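A structural walkthrough
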Amino acid sequence: MTELSMTVNGVVRRAAAAPTVLLSTFLRESLKLTGTHVGCDTSQCGACTVIVDGRSIKSCTMLAVEADGAAITTIEGVAKSDGTLHPVQEAFRAHHALQCGFCTPGMVMASVALLAHTPNPTDAQVRHGLEGNMCRCTGYQNIVDAVLAASQSMKGA
Amino acid sequence: MDTFTFKRAASVAEAVAAATAGVDAKFLAGGQTLLPVMKQGLAAPSDLVSLARVAAMQGIGVNGGMISIGAMMRHADVAAHGEIKALLPALSVLAGGIADPHVRNRGTIGGSLANNDPAADYPAAVLGLGATVVTDRRRIAADDFFQGMFTTALEAGELITRVEFPVPERAGYIKFPHPASRYALVGVMASKSAQGVRVAVTGAGACVFRATALEQALAKSFTPGALDGVAVGADDLTSDRAGSASYRAHLITVLAKRAVARALEVRS
Ligand SMILES: Cc1cc2nc3c(=O)[nH]c(=O)nc-3n(C[C@H](O)[C@H](O)[C@H](O)COP(=O)(O)OP(=O)(O)OC[C@H]3O[C@@H](n4cnc5c(N)ncnc54)[C@H](O)[C@@H]3O)c2cc1C
Ligand code: FES
Ligand code: FES
């Protein structure tokens, strides 16, 4: 076991982990941040997407030890502390971009990362940017609409 | 996942020493191939040697006609690099088309080459652009590096540190992605430089290869039309649920024409 320390959603968190522990397991089981979902556990679905040092990654495909010292944002960290939803979350709600909600934490994190480097995406860029995230319910159209709407509402924000 | 000893290397020498010391040690780069394989129980290394902090394997340098890419550079780094976009856009396009954004944020060029998946993209870039794979102990020409399915010229414990791409006069890459995995059903890199024409094909066979019939036709005239009627044999190609060998053979010529057209649209 190694003592790991990372800044998660702005707070320094410490816990011990064996080398085999995945970042997804560490977040969910050691830090009790269960908003990060594990869908496939085979690097395909993106439900486990979190942002590590500014980059979206699949937390089921990164060892927790490799994130030692990193700054991490999970779905629990995107809304404001007063509960105001992030514009991406708000757009997902308004555009009916979720049904069962299982893929949603990963979709939101992927969308937040996408809009950080491409603030004004085209429809095609949104689809390309969400290629690593699968949804079994919505058919994606409303998710794309939500991300495009969020890009508008985030202007000047 | 079976247990292993985790080691973090701070230098090339430390990484190679740690890999040689373990019974069955493996380097850990982006982990985008190795971790899924370990989770499935198909690999159970005794030691994982993390390369994340090896400074000599980082960075992208452009010097004269040569682009040197650190083996730990992520696919996203290569795709977004300004000088690569300007000098060798075919390589930016290739890197930006690998997998999805999250995999591109972790996966590395060194890991992709060491793995040599028959449907991976980077092998087509290295072979089709005549790049050189630099390791802790030698320089390996692209033509000698790829040896078969998941097999390369790397010795046990040998570490890829950088990859050097000569800037060609023109180059284009087109992949026909597998509809689910995004790996190449077939991918073709075509380039023209003072050293000649190279056409490398990935996804179609057990290992990336040069399509010599297409190269000979393009050496006479580097135009899509030069490939009219030039066929690639299907004998050694892959047949699977996604496509038969003859389908892949047909795709090679079609994609090679598009790669040449793409190469002619933009400088290099
Ligand atoms: C969902 C998904 C989709 C993908 N789609 C594509 C795709 O479309 N096209 C494509 O090309 N790839 C694809 N990949 C593979 C991806 O590009 C991997 O990143 C790449 O194959 C391996 O790179 P890595 O840095 O993750 O290596 P790792 O997984 O860390 O390592 C792979 C192997 O290489 C060895 N190794 C790593 N670095 C070195 C080095 N510097 N020297 C010597 N040996 C080394 C390791 O020991 C290991 O055996 C996909 C992967 C996933 C999960
Ligand atoms: S749970 Fe990580 S990609 Fe599906
Ligand atoms: S809303 Fe159910 S999987 Fe996406």
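Anything mentioned here points back to the structure above.
Cut-off values and rules
The numbering scheme is per chain: residues are counted from 1 as the chain's sequence reads. Chains carry letters and ligands carry numbers; both start at the beginning, A for chains and 1 for ligands, and go up in the order they are written. The predicted nature of this model means local features are confined to residues of pLDDT at least 70 and side-chain atom pairs, given and counted, to a pLDDT of 80 or more, with totals for whole chains, interfaces and linings taken over all residues. Heavy atoms from the whole structure form the basis of all side-chain values; hydrogens and water molecules are not counted. We treat two strands as partners when DSSP finds at least two bridges between them. Secondary structure counts use DSSP, requiring at least four H or I residues in a row for a helix and at least two E residues in a row for a strand, with both numbered from the N terminus. The axes used here are C-alpha line fits, helices contributing only the stretch in contact, and every angle between their N-to-C directions lies in the interval 0 to 180 degrees. Contacts between residues were defined by any pair of non-hydrogen atoms, one from each residue, lying within 4.5 Å. Once two parts are put together, the accessible area they lose, assessed with a 1.4 Å probe and summed over both, is termed the buried area. What counts as a salt bridge is simple: a side-chain nitrogen of Lys or Arg found within 4 Å of a carboxyl oxygen of Asp or Glu. It suffices for a single heavy atom of a residue to lie within 4 Å of a molecule or strand for the residue to be listed as near it. The definition of a polar contact used here is a pair of N or O atoms within 3.5 Å, where within protein one atom must be able to donate a hydrogen and the other to accept one, and adjacent residues in sequence count solely through side-chain atom pairs. Only the protein chains shown count as covering a residue, and every accessible area follows the Shrake-Rupley method with a 1.4 Å probe. In this analysis, the expected span of each helix is defined as 1.5 Å times one less than the number of residues it contains. Under the scheme applied here, a residue whose accessible area is under 20% of the maximum for its type counts as buried, over 50% as exposed, and between as partly exposed, the area being computed with a 1.4 Å probe on protein chains only. Comment: arc refers to directions from the helix axis out to C-beta atoms.

**Quick look at the sheet that holds strand E1 (residues 2-8) of chain A**
All names here are of chain A. The strand order E2-E1-E5-E3-E4 describes an open sheet built from five strands, whose pairing is mixed. Two strands in the sheet have a free side with no partner beyond their single neighbour: strand E2 (11-17) and strand E4 (55-58). Averaged over neighbouring strand pairs, the angle between their axes works out to 40° when direction is ignored. Note: E1 against E2, seven bridges, orientation antiparallel.

**Considerations on the interface of chain B and chain A**
Counting residues at the interface gives 31 residues for chain B and 23 residues for chain A. Buried surface at the junction of chain B and chain A, summed over both partners, amounts to about 2100 Å²; 53% is from carbon and sulfur atoms. Area buried by chain B at its contact with chain A is led by Lys 39, His 102 and Arg 106 of chain B, which between them contribute 30% of it. Taken together, chain B and chain A are joined by five salt bridges.

**With respect to the site of ligand 1**
Around ligand 1, the surrounding shell holds 33 residues, and the nearest of these are Phe 27, Gln 32, Leu 34, Thr 108 and Asp 121 of chain B. Residues close to ligand 1 are split across chains A and B. Take Gln 32 of chain B: an N or O atom from its main chain is 2.7 Å from an oxygen atom of ligand 1. Asp 121 of chain B has a polar side-chain atom sitting 2.7 Å from a nitrogen atom of ligand 1. The protein chains hide 94% of the 980 Å² of surface that ligand 1 would expose on its own. When residues of the shell around ligand 1 are traced back to their parent elements, those giving at least two are strand E2 (25-28) and helix H7 (109-115) of chain B.

**Quick notes on helix H5 (residues 141-153) of chain A**
Residue and element names in this part refer to chain A. Taking 1.5 Å as the rise per residue, H5 with 13 residues should run 18 Å; its terminal C-alpha atoms sit 18 Å apart, in good agreement. Among the residues making up H5, those that are buried are Ile 143, Val 144, Ala 146, Val 147, Ala 150 and Ser 151. On an axial view of H5, the arc spanned by its buried residues comes to 160°, and they lie on one face.

**Description of the pattern of salt bridges**
All names here are of chain B. Per the stated rule, a full pass over the model turns up 19 salt bridges over all chains. Note that Asp 228 is salt-bridged to Lys 257, the shortest N-O span being 2.7 Å. Of this pair, Asp 228 sits in the loop between helix H10 (212-220) and helix H11 (245-265) while Lys 257 sits in helix H11, placing them 29 residues apart in sequence. Residue Lys 257 is classed as partly exposed on the basis of its relative accessible area of 26%. The network of salt bridges with common partners includes Asp 143, Arg 198, Arg 210 and Glu 215.

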